[in-house]
Structure formats: structure tokens, C-alpha cells
Amino acid sequence: MSKATDAPDCLDVRIFVDPADELGEDTSALERCHAALAAISGRLAPRLDRSIWHREPFELHVAAAEDAAFPEPHLCARMAFGDSVDDEWFAVGLLLQLTKEQRDTTIVARDSDGEFLLIEAAESLPRWLTPETAPNRVFIRRGELHILPRASTPAEQRLLPTQPSLAAALKALRSGLLDTRSPAATAAILQRTAPLHADRTARGPPRHYARCLLPLPAAQLLAAQPQLVSAAAAAFLERTPDAMRAASRMERFSPRTHPVIGMRVAFPRCRYAQLATLDFTPPPQSGLPRRPADHPDHRPADLGSKVAFGLEMLLHEAPSTPLAATTPPLDEAVDAVLRGGGVRGTDSIRLEPGCRGGARIPRARSGTQADSVDPWIPPCDPVWHKSSPKQSV
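Right, let's walk through the structure included here. (Residues numbered from 1 in each chain as written. Predicted model: local features only at pLDDT ≥ 70, side-chain atom pairs only at ≥ 80, totals over all residues. Heavy atoms only, no water.)

## Observations concerning the sheet that holds strand β4 (residues 105-110)
Here's step 1: Reading across from one edge, β2-β3-β1-β4-β5-β6 is the order of the 6 strands in this open sheet, with antiparallel pairing throughout. The open sheet has two edge strands with one neighbour each: β2 (61-63) and β6 (144-147). Between one strand axis and the next, the sheet turns by 35° as a mean value, whatever way the strands run.
Here's step 2: Pairing analysis gives 6 bridges linking strand β1 (residues 10-17) to strand β3 (residues 74-80), with the strands arranged antiparallel. By the bridge assignment for β3, L11 is matched with M79. (Pairing = 2+ DSSP bridges. Helix = DSSP H or I, 4+ residues; strand = E, 2+ residues; numbered from the N terminus. Axes fitted to C-alpha atoms, helices over the stretch in contact; angles between N-to-C directions.)

In C-alpha cells form, the structure reads like this:
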């Protein structure tokens, strides 16, 4: 663990489960990891269900022992967070809370900068702790940051060498014979994560809500799978000329054949900032006209056109990009929407006549509703479509 993770802007998390005894076999260790994964997934589910991440979601899986770097089976997560440090620190907050509740777990968290937790807590660290001496000394355990000290006695030297391996460091930490707690460093980390977890009922990292004008199928797709907004934004922001040409006619989400409606969409905060500050003129063949800057619908129309183009691009790039990975597959979900049915694996979502000439998305049968959708959708603007298609598809 002496090196930063190779991938740029990527969080690497390893969760080690305390053995039943120090002589436990690999088989029992793997069983404990699978049991821990089930328990941890249950603990995290309320905070992660239908969450919306900037680039990749936080997902754990069981990893077998590899080599001296990872000498025992453990849980692993690698999450690309891109430009959104909110995602990274939200995950750290989850890990602190997780180890506070699941007290038999020890976590190592690193990113492309290395020991980023020490960078945040730099002012409270001992002088001897440097990038050269830090490997295999920094852990999250029982809701706190733990730093293995330098050995000051022969007994401590036998327990913890000057340059400990991960196996030796975990054994020393679990023994409880060393004072490893770092309250000042923990306080610095908590100060960084607390604003992201202020709302204990929130799902996933903080969001920004904005009204968008979207073709009806795009609105229905986002209502069923709100997390697709991140993939759509990424596809639009990272578009190539070929992708732009392929999407310019809006074959799936054309406003020429579908009404355009207003919809409140939840964005990751960084994605919203990226989209909102980017100038974009929809191609004439797309059927999406621009609103004048002084028009009240200028910003909703601008955001909606970027999201709709991103969704269209995803359909062309789905086989080759992990950003489009969804359950069910994106093209299948879109086809279901265009056929007038629901999306398999979700509650059926249809537009129904609502008050004041608008449209309403009914609550799901489970009693929940996508966080990104307003209960009431304003009437569609007739300027946006030349024909008069039906209000439900």
C-alpha cells in the first residue's frame, strides 16, 4: 500500500474483517467476508438506494487474498469520482459511520494522491509521519482515524517493525496493545465530511435540483432511472464530433414527434455546474429551438437540450462505455418507454392528465417516488412541437 492508486481521480477502499481467531483458514475468512458484505450492504442501502453519483457509484465486492500487499480476503471498492470530490468525501463519511456500527472492520482508503486522509488532517499529524513513513499506518476503525505509532520500546518493535507490512499492521491494530487513536485527525476528517451528511435521510452525495424542458420519453426514462442523468451529462460533456452527428437528429427523443414537458431533475452538484456553464446551440435538425436569454424558460430549455442530447448519445455509445451501464440495459429501457410501457425492473411510470392542463407522474406502487421528479409537471409548451402528439406514450 505504498503507492497511490494508478487510476486518476479514483478512490480505492479495502475493508478487512477481523478473523474469528488468528489461526483462521482462508475458507472461513472468505465466509466472514461474504457475511460482512451482506451486513454492510444492508446498512448502506438506505443511503445509497437510487443515489446519483458524478461518475461511478460506490459498490463493494469480495476480493480474495492477492499477495503481500493484500494478505487476506477482504471487501474492495474502486470508485472513479472525476471532478467531484463531494463523492469521495461522502464515501469517507459512510466508511466512518460503517466502522462505528460494524466494529469488526478496518478500512484502508487511498486515492490518486495517496494518503488523502492525512492531507486533510495535516495540521494535526506528528512530525515523523511523512509520505515515506505513512504506508500501512493509516486506517479507519470504529468510527475514527487510527495511525500506528513509531515503536519506542523493544516490545513495540517486535510487534510493529519500522516499515510494517499490511499483515503486521492489521495484527498490531487489532491487538489493542498500541495507542493508535488520533482524535485531532479524526475531528479534521469529520469536519470535512459532516456537511455532506447533514441530512441523514438523503440518498447519495448532495444534489442540485433544476427544472428542465425534456422530450416526453427522456423525462419518463429519467423518472424511472434518475441516476442516468450523470451518464447523460458525461456523454454530452465528453462528446466527439461523430457522436454529435449521430445524435443530432434525435431519433429516440425528438421533440418533433413527442411533446416537451417541464421536469424537476436531480443533478450531482458538479455535473450541474459543468452543464450550466457550457454554451451550446442545438443543431437545427434536432428540433430543439433556443430560448432568448431573457425568456423565463431559457435555463430549463438549455439544460434540457443538453440532457436530451446526452441520452441520445448514450444509445449510440452504450456497447462501448461503462457510463451507460444500467439495469435493465439502456436501449431496452428506452424501447419500453417508446412502446408506451414501463421500464422492466421499475414501477410503471406513465403521464396522466393533471390539474391546470399539466401532467402528473403518479406515485410508484411501492409508495415511493423518484427524488428527481416533481409530483406536478407544468403544461408542455406548444412551440416545442409542431404536431399534437398524445400526452401519454
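## Quick word on the packing of aromatic side chains
Here's step 1: In the structure shown here, the tally under the stated rule is 5 aromatic pairs.
Here's step 2: Through successive ring pairs, a cluster of aromatic residues spans F236, F280 and F309.
Here's step 3: The positively charged end of R14 is found above the aromatic ring belonging to F70, 3.9 Å away from the centroid.
Here's step 4: Directly above the ring of Y209 sits R264, whose terminal nitrogen or CZ lies 4.0 Å from the centroid. (Phe/Tyr/Trp six-rings, centres within 6.5 Å; stacked < 30°, edge-to-face > 60°. Lys NZ or Arg CZ within 6 Å of the ring centre and 35° of its normal.)

## Thoughts on the environment of L75
Here's step 1: Tracing the sequence through the fold places L75 in strand β3.
Here's step 2: Remark: the alpha-carbon pair of L75 and V13, spanning 62 residues in sequence, is separated by 8.1 Å.
Here's step 3: Non-local contacts of L75, meaning those with residues more than four positions away in its chain, are made with V13, R14, I15, C33, A36, L37, I40, L60, H61 and V62. (Contact = heavy atoms within 4.5 Å.)

## Section: unusual backbone geometry
Here's step 1: Positive phi outside glycine occurs at N136, with the angle close to 65°.
Here's step 2: When its relative accessible area of 12% is taken as the criterion, N136 is described as buried.
Here's step 3: We note that R142 has phi near 50°; this positive angle belongs to a residue other than glycine. (Buried < 20%, exposed > 50% of the residue type's maximum accessible area, 1.4 Å probe, protein only.)

## A word on the side chain of S51
Here's step 1: One can find S51 in the loop between α1 (26-48) and β2.
Here's step 2: You can call S51 buried: its relative accessible area is 10%.
Here's step 3: Among the polar contacts listed, one links the side chain of S51 to the backbone oxygen of L48, at a separation of 2.7 Å.
Here's step 4: Not counting chain neighbours up to four residues away, the residues in contact with S51 comprise R203, G204, R207 and Q227. (Polar contact = N/O pair within 3.5 Å; in protein donor to acceptor, adjacent residues only side chain to side chain.)

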